[in-house]
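Now for the letters of each chain:
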Amino acid sequence: MLIERADVIVTSPGRNFVTLKITTDDGVVGYGDGTLNGRELAVAAYLTDHVVPLLAGRDAHAIEDTWQYLYRGAYWRRGPVTMAAIAAVDTALWDIKAKVAGLPLYQLLGGASRERCLVYGHASGKDIPELFDSIRKHLDEGFRAIRIQTGVPGLDSVYGVASSAAASVGGAGSDSRYDYEPARRSALPAEETWDTRAYLRHVPSVFEAVRGEFGEDIALLHDAHHRLTPIQAAKLGKSLEPYDLFWLEDVTPAENQEALRWVRHHTTTPLAIGEVFNSVWDYQHLIREQLIDYVRSPVTHAGGITSVRRIMDYAAMYQVKSGMHGPTDVSPVGLAAAVHLGLALHNFGIQEYMVHSEQTREVFGPTYEFAGGGLRPGEEPGLGIHVDEELAAQYPYERAYLPVNRLRDGTVHDW
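The structure reproduced in this document is the subject of the present report. (Residues numbered from 1 in each chain as written. Predicted model: local features only at pLDDT ≥ 70, side-chain atom pairs only at ≥ 80, totals over all residues. Heavy atoms only, no water.)

1. With respect to the packing of helix α2 (residues 63-72) against helix α3 (residues 80-101)
Helix packing for two helices is described by the angle between their axes and how far apart those axes are. As a reminder, the rule being used: What counts as an axis is a line fitted to C-alpha atoms, over the stretch in contact for a helix, and the angles between N-to-C directions run from 0 to 180 degrees. Here a strand is any run of E in DSSP of at least two residues, a helix any run of H or I of at least four, and the numbering for each starts at the N terminus. An angle below 35 degrees is treated as roughly parallel, one above 145 as roughly antiparallel, one from 65 to 115 as roughly perpendicular, and anything else as oblique. Two helices that cross are described as forming a left-handed crossing if the nearer one is turned anticlockwise from the farther one by less than a right angle, and a right-handed crossing if clockwise. Here, two residues are considered to be in contact whenever any of their heavy atoms come within 4.5 Å of each other. The classification used treats Ala, Val, Leu, Ile, Met, Phe, Trp, Tyr, Cys and Pro as nonpolar, Asp, Glu, Lys and Arg as charged, and all other residues, Gly among them, as polar.
Packing of α2 against α3 brings their axes to within 10 Å, and their N-to-C directions diverge by 170°. Taken together, α2 and α3 sit at an angle that is classed as roughly antiparallel. The interaxial crossing formed by α2 with α3 has right-handed handedness. Residues Ile-63, Thr-66, Trp-67, Leu-70 and Tyr-71 of α2 pack against Met-83, Ile-86, Val-89, Asp-90, Leu-93, Trp-94 and Lys-97 of α3. When grouped by side-chain class, the residues that make up the contact of α2 with α3 number nine nonpolar, one polar and two charged.

2. Describing the environment of Thr-367
Selection rule: Under the rule applied, a polar contact is a pair of N or O atoms within 3.5 Å (in protein, one hydrogen donor and one hydrogen acceptor; residues adjacent in sequence only if both atoms are side-chain atoms).
Within the element layout of this structure, Thr-367 appears in the loop between α12 (358-364) and β13 (369-371). Polar side-chain contacts of Thr-367 include one of 2.9 Å to the backbone oxygen of Gly-384.

3. Description of the sheet that holds strand β16 (residues 412-413)
Formally: Two strands make a pair as long as DSSP finds a minimum of two bridges between them.
Taken in spatial order, the three strands make up an open sheet running β6-β15-β16, and their pairing is mixed. At either margin of the open sheet sits one strand with a lone partner, and together these are β6 (191-194) and β16.

4. Let's talk about the environment of Ala-84
Counted only if it meets this: Residue exposure (1.4 Å probe, protein chains only): buried if accessible area is under 20% of the type maximum, exposed if over 50%, otherwise partly exposed.
As for its position among the elements, Ala-84 is in helix α3. You can call Ala-84 buried: its relative accessible area is 0%. As a C-alpha pair, Ala-84 and Glu-275 span 191 residues in sequence and 12 Å in three-dimensional space. Apart from the residues lying within four places of it in its own chain, the contact partners of Ala-84 are Asp-33, Gly-34, Val-43, Thr-300 and His-301.

5. Notes on helix α8 (residues 258-266)
We count it as follows: Here, the arc refers to the directions that run from the helix axis to the C-beta atoms.
Taken together, the buried positions of α8 are Ala-259, Leu-260 and Val-263. Here the buried residues of α8 occupy an arc of 95° about the axis, which is enough to place them on one side. Looking at α8, the residues exposed on the side facing more than 90 degrees away from the buried face are Glu-258 and His-265. Residues of α8 that are buried sit in contact with α7 (230-239), β9 (271-273) and α9 (284-288).

Structure below.
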């Protein structure tokens, strides 16, 4: 079965997505997600100009060979743009293979290891009362694990907080949630102000309040979003130990992997990292030296199902689990791929889950279902995604940027 053509679909039903559609010579269609938030057109161009011309006539079933051909054949390896493009091809080919087999994709990956994939939602508030309201809403919706992000006194806008002052600046509308889609549609990135000392003073009191109000049963998570030095990260992890976090995410900039050894030495709070990593080689030391507990790379940004499965097989040797990145800048195609893979992995940990907008769900037609605090893929062959291309064409690309952070003195800082 040969690949006949591949088409790149760029659409923006509330936010921008890049989708690859591969069609075989006997009419089977597969979809892959190549979305890279704030740099979508770079991946679209990489696919259109450099990858699509290589696909026609290739064996659609030769997934591993195609992955190696695109990875090693380019010579300039890795990087988020290249790996997102490879992920789009890889996922689309797995979608095709499962459709030809007449099975939901997870069955080709070894079958289900659990009934459904535990997911976590995103609760936030500019202050404690607003945060409590958001937590209650998530509990009412059935979430059993919740990420906690809150405003910091003295700062107008903070990553992951829905009611930040700049939440709707250049956004899709005045009712847009900041933690729903932080990339804002504007000519230039929004700039936010950051104060690490204020943050470190405030966060432990937030978790103390949450545990006092909601008890010990909820799994609580928190994202430091790469903004801390090693000693600051160690201090935060230690200060949060009394509140039994499920994990503390991205405590230091990912480039400085030696930092995790320092943090690990000072705290028993579980650590998750890797949403900006895109290959198994990025994790080599972190996993082997057991400096992290959860791998954050999504299927979409780390070379596809083939690549992420390779990462997780390596992680399993060291009792490290998956915690795949899954906000709304991963399309329903990418989320479906993660859920199929997560259902099959023995060392699955948790899946991030932000509910896509109604517009997005109408364009992509996902069949995965949320219940009992978890996601389960549908039982139809393939990924269970149905892209409405006519509807997608009604939502043209709109330039959008993630924010930029500056310290109070004007120095550019990690957002």
